[in-house]
Amino acid sequence: MQTWQRRLLGLFVAAVVVCGLVYAMRIREGEAQRRNCAASLAQVGIALHTYHTAIGTFPPARTLAKDGTPFHSWRGQIYPYLEQTAVRYPLWQDEPWNSEKNKQATEIACVPYHHFPQTPENQNHTSIVAVVGEGYVFEENRTTRLKDITDDASSTILIIAAPETGIPWAEPRDFSREEFLERFQNRQLGWPSHGFIAAFADGTTRLIPYETPIQQIEAMLTIAGGEKVDPAARGESVRYRY
């Protein structure tokens, strides 16, 4: 083998090694992001269950003012139950979420509610949302108790994580069934090549693959539909249980 051939072969081998290292680093980075996402969901899940212990139900999807306008989201209602390190300023429940008095709290990021990359323009947006619909944990004008969940709790979705929601964390707005399913079908809920992470009513956080049949996804949203959910449809645990 001539000198130039040996050099060319050496460069080729070096390039293959570098590509392999970059690929491995990206895999590890993706795994770390998913673990951080699951940790945020777990922290919010703990606050939801702590709220349930104190009040007797999970919070409503949103509270309404006397004139019927949205007042506070469920995220705002569990705000006092988050870990103290996450709560920097008080959120006044007797004032609308976007009142002048609440701006100090609502215009900055609330750490557990965002973990996908943020920009200065959306730093106060949430990455954690509920899917609001009839027969779900979060339903308009109704609150849910744990005993209302007669489906398997390990197959009942409580909350999910999603990037670029466009929702300030304190705003009383979440995903409708239609918006959630559209994002799921377009792979816009988490990681396009993997799936999305959800916290379940039994305290687990799981990565649900996009290959899961849509009927199984809908079955995991209901609390008392009686549908059978294939254990494989629930995806894999992401090492966090709350």
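Treat the numbers as computed from the prediction; the structure is a model and nothing was measured. (Residues numbered from 1 in each chain as written. Predicted model: local features only at pLDDT ≥ 70, side-chain atom pairs only at ≥ 80, totals over all residues. Heavy atoms only, no water.)

Enquirer: Describe in detail the confidence of the model for the protein chain, supporting the description with residues and values.
Expert: Model confidence for the protein chain is summarised by a mean pLDDT of 83, while 79% of its residues fall at 70 or above. Per-element mean pLDDT across the protein chain ranges from 66 in helix α1 (residues 3–55) up to 98 in strand β4 (residues 131–132). (pLDDT = per-residue confidence, 0-100. Helix = DSSP H or I, 4+ residues; strand = E, 2+ residues; numbered from the N terminus.)

Enquirer: How would you summarise the pattern of salt bridges if you had to cite specific residues and measurements?
Expert: Under the criterion given, the structure shown has 11 salt bridges. Ionic pairing is found between E178 and R177, a salt bridge with its closest N-O pair at 3.6 Å. In this structure, R183 and E179 form a salt bridge, with 3.8 Å as the shortest nitrogen-oxygen distance. Taken as a pair, R183 and E179 lie in helix α4 (residues 177–185) at a separation of 4 residues, close to a single helical turn. Accessibility expressed as a relative area gives 12% for R183, which makes it buried. When salt bridges that share partners are traced, they join R177, E178 and E218 into one network. (Salt bridge = Lys/Arg side-chain N within 4 Å of Asp/Glu carboxyl O. Buried < 20%, exposed > 50% of the residue type's maximum accessible area, 1.4 Å probe, protein only.)

Enquirer: Lay out the pairing of strand β2 (residues 70–73) with the relevant residues and their values.
Expert: Regular strands have side chains that alternate between both faces of the sheet. Relative to β2, strand β1 (residues 62–64) runs antiparallel, the two sharing 3 bridges. In the strand pairing of β2, R62 is matched with S73. Connecting the antiparallel pair β1 and β2 is a turn made up of 5 residues, with G68 showing a positive phi of about 90 degrees. (Pairing = 2+ DSSP bridges.)

Enquirer: Now, about the side chain of T156: what can you tell me, with residues and values included?
Expert: Of note, T156 is situated in the loop between β4 and β5 (157–161). With near-sequence residues (within four places) excluded, T156 lies in contact with V137, I149, D151, A199, F200, A201, M220, T222 and I223. (Contact = heavy atoms within 4.5 Å.)

Enquirer: So, the pairing of β5: which residues are in play, and what are the values?
Expert: Burial within β5 is extensive, with 5 of its 5 residues counted as buried. Pairing geometry for strand β3 (residues 128–129) and β5, over 2 bridges, is antiparallel. By the bridge assignment for β5, V129 is matched with I160. Alignment of β5 against strand β7 (residues 195–200), held across 3 bridges, turns out to be antiparallel.

Enquirer: How would you sum up the environment of E134? Please name residues and give values.
Expert: In this fold, E134 is placed in the loop between β4 and β5. Each C-alpha atom, one on E134 and one on R177, is 9.0 Å from the other, the two residues being 43 residues apart in sequence.

Enquirer: Give a description of the side chain of T222 that names residues and reports values.
Expert: Within the secondary structure, T222 sits in the loop between α5 (214–221) and β9 (236–241). Of note is the side chain of T222, whose polar atom sits 3.4 Å from the side chain of D151. A distance of 3.1 Å separates a polar atom in the side chain of T222 from the backbone oxygen of A219. In this structure, T222 is in contact with G135, Y136, D151, T156 and E227, ignoring residues within four places of it in sequence. (Polar contact = N/O pair within 3.5 Å; in protein donor to acceptor, adjacent residues only side chain to side chain.)

Enquirer: Pulling in residues and values, what's your account of the packing of aromatic side chains?
Expert: Inspection of the entire model under this criterion finds 6 aromatic pairs. Seen from their ring centres, Y79 and W169 are 5.1 Å apart, and the 20 degrees between their planes marks the pair as stacked. Placement of Y79 in the loop between α2 (74–77) and α3 (103–106) and of W169 in the loop between β5 and β6 (175–176) is noted, with a sequence separation of 90 residues between them. The same class applies to Y79 and to W169, which are both buried. Plain terms: the ring middles of F184 and F196 are 6.0 Å apart, the flat faces sit at 85 degrees to each other, and that makes the pair edge-to-face. Placement of F184 in helix α4 and of F196 in strand β7 is noted, with a sequence separation of 12 residues between them. Among the aromatic residues, those joined into a cluster by ring pairs are F180, F184, F196 and Y210. (Phe/Tyr/Trp six-rings, centres within 6.5 Å; stacked < 30°, edge-to-face > 60°.)

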